[in-house]
Amino acid sequence: MNSRGLRSQLKDSVPVAGLCPQGAYGLQDSLRSGFTSIKNELLPSHPLELSEKNFQLNQDKMNFSTLRNIQGLHAPLKLQMEYRAARQIQRLPFLPSSNLALDTLRGSDESIGFEDILCDPAQSEVMGEPHMMIEYKLGML
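Residues numbered from 1 in each chain as written. Predicted model: local features only at pLDDT ≥ 70, side-chain atom pairs only at ≥ 80, totals over all residues. Heavy atoms only, no water.

Per an unreviewed UniProt entry, the recorded name for the chain is Proteasome maturation protein, and the organism is Goodea atripinnis. What UniProt states about the chain under its Sequence similarities (unreviewed entry) heading is, verbatim, "Belongs to the POMP/UMP1 family." (UniProt positions renumbered as here; feature names shortened; annotations may be inferred.)

1. What about unusual backbone geometry?
Even without glycine at this site, N99 takes up a positive phi of about 55°. Note on placement: N99 falls in the loop between α6 (74-88) and α7 (100-106). (Helix = DSSP H or I, 4+ residues; strand = E, 2+ residues; numbered from the N terminus.)

2. Quick notes on the environment of A85
Inspection of the secondary structure assignment puts A85 in helix α6. Judged by its relative accessible area of 43%, A85 falls in the partly exposed class. Taking the C-alpha atoms as reference, A85 lies 9.3 Å from A101; in sequence the two are 16 residues apart. (Buried < 20%, exposed > 50% of the residue type's maximum accessible area, 1.4 Å probe, protein only.)

3. Concerning the packing of aromatic side chains
Using the criterion set out here, one finds 1 aromatic pair in the structure. On the numbers, 5.8 Å between centres and 50° between planes, the contact of F64 with Y83 is tilted. Separated by 19 residues along the polypeptide, F64 in helix α5 (residues 55-71) and Y83 in helix α6 bring together distant segments of the chain. Here Y83 falls in the buried class, since its relative accessible area comes to 7%. Here the basic side chain of R106 rests over the ring of Y83, its NZ or CZ set 5.2 Å away from the ring centre. (Phe/Tyr/Trp six-rings, centres within 6.5 Å; stacked < 30°, edge-to-face > 60°. Lys NZ or Arg CZ within 6 Å of the ring centre and 35° of its normal.)

Printed below as a string of structure tokens:
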């Protein structure tokens, strides 16, 4: 069975082909998007992998539906507005953002998880030229 047939059987998988921005000559622009990784193109190796990737989204949906049943429609709408406002608070594109306001709203600021220790932005391999990244974010490039 080819990989395309297997990919169509996974209903929750996201196609990876459209995620890489193409440059002027049809190749990936490594300066803006970083280097490609084979890991991103692999199919999920375990059925629970997709569930774990969407854990926070599923948790938010469950919390919003519970909140709607208890307090009415206004409560989840207000909380979603606050989440959206907290997501927009960012540092410059070349500096890592801690998202402390969003963590505080979700109640995850007091817990230490896997991503807090092993996803240290100081050890990240992705660092671009600051002026180019800001111009790209502002739509000047």
